[in-house]
Amino acid sequence: SSMDTAKCANIVVTEGTTDLMQFQGADRVNKDLQPFIAVPTTAGTGSEVTLVAVVYNVDAKEKMAFTSDKLYPKVAIIDPRMTQTLPPQITAATGMDALTHACEAYYCLGKNPVSDSLALTAIKLITANLVKCVKDGGDVDARMNMANGALIAGMAFSNSMVGMVHSLAHAAGGACHVPHGTANNIFLPFGMEHNLTKRADIIAELAPYLCGSNVPGNSLVKARAAIDAVRNLSKHLKQICGLPTTLKEAGVTADKIEEIAKLAINDGSLIYNPEEMTFDEAVEIIKKAM
């Protein structure tokens, strides 16, 4: 949030504007921005290496996305000491944000050899180190691995973009102030399931990285094993730090379901999702996630 806010402040300063809204969307920024140094204090967003900024519109009660090659920071400083005092639950939520970046980067429509290699490296680092960081925030090696995992996941989705999990997470954040990492943690397995009809073979390729070993069976069996591994990681994090695994646990009430669904189907991330998601489908997914 801090880095994305700084990116948008940079737009305002550089463009000499009082209306940030005119730059919302893709490639709307015209000028090269002022020098910007990013120092992440979580291992999550990857914003220190991305062309994206997402900020909350208080009036519209929705997340606004800005995408431009001009939004890349000039310098990113990665220091595990900056995350050592991060509370366990925020460590878990931001780590699941990074894992979502890597997974969606791998199976969404913009995937390519560059994003694939980055995504798989990120998944290996995150799955091997996230629980360690949650249990022992002072583990410098695990913190460094998570910092690199989040950064590499950011590079992955900057090269291929994300999908419906982020659309739903942005919507839940805008309508109900669910923290972004928490929302991604809740929606990731549902997003992977929704894409099985078109992406089972590709999601199956994630199974060895998410499960920690080879999984026997056909593509659908392997893909479901990958989804189960995500759910099991989420459940484990809930056990050790209380990370919400349902929308209800995150404070969402049933009367917000349709509002979240409406925001989700109009979110730009949905463009890159392999499977289409209608309003009714979004409602059903959100109900399952409650």
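None of the values given here were measured: they were computed from a predicted structure.

Participant: Could you give me a rundown of the packing of helix 2 (residues 88-107) against helix 5 (residues 164-176), with the residues and numbers involved?
Facilitator: The N-to-C vectors of helix 2 and helix 5 enclose an angle of 140°; their axes lie 9 Å apart at closest approach. Our classification of the angle between helix 2 and helix 5 gives oblique. Seen from helix 2, the contacting residues are Asp97, Thr100, His101, Glu104 and Tyr107; seen from helix 5, they are Met164, Val165 and His166. Among the residues making up the contact of helix 2 with helix 5, the classes are represented as three nonpolar, three polar and two charged.

Participant: With reference to specific residues and values, describe the nonpolar core.
Facilitator: With 84 residues, the main nonpolar core has Leu99, Tyr107, Phe187, Met192, Leu210 and Leu237 as its most contacted residues. Val29, Leu33, Val55 and Phe66 belong to the second largest nonpolar core, which has 11 residues in total.

Participant: Pulling in residues and values, what's your account of unusual backbone geometry?
Facilitator: Positive phi, close to 55°, is recorded for Asp27, a residue that is not glycine. As for its placement among the helices and strands, Asp27 is situated in the loop between strand 1 (25-26) and strand 2 (37-38). With a phi close to 70°, Met161 is a non-glycine residue in the positive phi region. Within the secondary structure layout, Met161 lies in the loop between helix 4 (140-160) and helix 5. Accessibility expressed as a relative area gives 19% for Met161, which makes it buried.

Participant: Any chance you could break down helix 9 (residues 219-241) for me, citing the residues and the numbers?
Facilitator: With 23 residues, helix 9 extends 33 Å from end C-alpha to end C-alpha; this agrees with the ideal 33 Å at 1.5 Å per step. Taken as a whole, helix 9 has its buried residues at Ala223, Ala225, Ala226, Ile227, Ala229, Val230, Leu233, Ser234, Leu237 and Cys241. Buried residues in helix 9 make contact with helix 2, helix 3 (113-135), helix 6 (180-194), helix 7 (196-204) and helix 8 (207-211). If you check the start of helix 9, you find a side-chain oxygen 3.2 Å away from the backbone N of Leu220, and it comes from Asn218.

Participant: Provide a residue-level description of a negative patch on the surface, including the pertinent values.
Facilitator: A cluster of acidic residues, Glu258, Glu276, Asp280 and Glu281, forms a negative patch at the surface. Looking at the element boundaries, Glu281 is found in helix 11 (residues 279-289).

Reading the values: the criteria
- Residues numbered from 1 in each chain as written.
- Predicted model: local features only at pLDDT ≥ 70, side-chain atom pairs only at ≥ 80, totals over all residues.
- Heavy atoms only, no water.
- Axes fitted to C-alpha atoms, helices over the stretch in contact; angles between N-to-C directions.
- Helix = DSSP H or I, 4+ residues; strand = E, 2+ residues; numbered from the N terminus.
- Parallel < 35°, antiparallel > 145°, perpendicular 65-115°, else oblique.
- Contact = heavy atoms within 4.5 Å.
- Nonpolar A, V, L, I, M, F, W, Y, C, P; charged D, E, K, R; others polar.
- Core = buried A, V, L, I, M, F, W, Y, C linked by side-chain atoms within 4.5 Å.
- Buried < 20%, exposed > 50% of the residue type's maximum accessible area, 1.4 Å probe, protein only.
- Expected span 1.5 Å × (residues − 1).
- Polar contact = N/O pair within 3.5 Å; in protein donor to acceptor, adjacent residues only side chain to side chain.
- Patch = residues over 30% accessible without salt bridge, like charges linked within 9 Å, V, L, I, M, F, W, Y side chains within 5 Å.
- Areas by Shrake-Rupley, 256 points an atom, 1.4 Å probe, with all protein chains shown as cover.
- Salt bridge = Lys/Arg side-chain N within 4 Å of Asp/Glu carboxyl O.
- Lys, Arg positive; Asp, Glu negative; His and termini not counted.
- Charge placed at Lys NZ, Arg CZ, Asp CG, Glu CD.

Function cannot be read off these values alone, since they describe shape.
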